[in-house]
Amino acid sequence: MNFSGIILGLSAFLCIGVFHPIVIKCEYHFTYKCWPVFLVCGAACLIVSMWIENVVAASAVGVLGFSFLWSILELFEQQKRVAKGWFPENPKRKKNK
């Protein structure tokens, strides 16, 4: 039996599930300006995935890398959701007016 597809599907599912609250928390505490951290982590994962010989592990790390990169877009979208009142804004954050 080959479990590669199940393992990759599970890793993609877990990445999506884990990154959703990470994006919310990062936008709440650090604003969208923390996006370079996601860029560096995503690029590092993609580079590392090219050097992993095991196909399943390389694919899982690649999925993780693209999840980091997709989270950059989600940080900016989360900022818009906060502005619409769909998510709470950090009360300690100073307003720029």
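The structure under discussion appears in the preceding block.
Residues numbered from 1 in each chain as written. Predicted model: local features only at pLDDT ≥ 70, side-chain atom pairs only at ≥ 80, totals over all residues. Heavy atoms only, no water.

Participant: So what about the packing of aromatic side chains? Which residues, and what values?
Facilitator: Considering all chains together, one arrives at three aromatic pairs under this definition. When the centroid spacing of 5.1 Å and the interplanar angle of 45° are considered together, the rings of Tyr32 and Phe76 count as tilted. Of this pair, Tyr32 sits in the loop between α1 (4-30) and α2 (35-51) while Phe76 is found in helix α3 (residues 55-83), placing the two residues 44 residues apart along the sequence. Judged by relative accessible area, which is 25%, Tyr32 ranks as partly exposed. When its relative accessible area of 29% is taken as the criterion, Phe76 is described as partly exposed. Every member of this aromatic cluster is reached through a ring pair, and the members are Phe19, Phe38 and Phe68. (Phe/Tyr/Trp six-rings, centres within 6.5 Å; stacked < 30°, edge-to-face > 60°. Helix = DSSP H or I, 4+ residues; strand = E, 2+ residues; numbered from the N terminus. Buried < 20%, exposed > 50% of the residue type's maximum accessible area, 1.4 Å probe, protein only.)

Participant: Could you give an account of α2, naming the residues involved and the relevant values?
Facilitator: Its 17 residues place the ends of α2 25 Å apart at the C-alpha level, agreeing with the 24 Å of an ideal helix rising 1.5 Å per residue. Within α2, the full set of buried residues consists of Phe38, Gly42, Cys45 and Ser49. Take α2 and look down its axis: the buried residues cluster within an arc of 65°, on one side only. Away from its buried face, by an angle of more than 90 degrees, α2 presents the exposed residues Val37, Val40, Met50 and Trp51. In this fold, the buried residues of α2 make contact with α1 and α3. (Expected span 1.5 Å × (residues − 1). Arc of directions from axis to C-beta. Contact = heavy atoms within 4.5 Å.)

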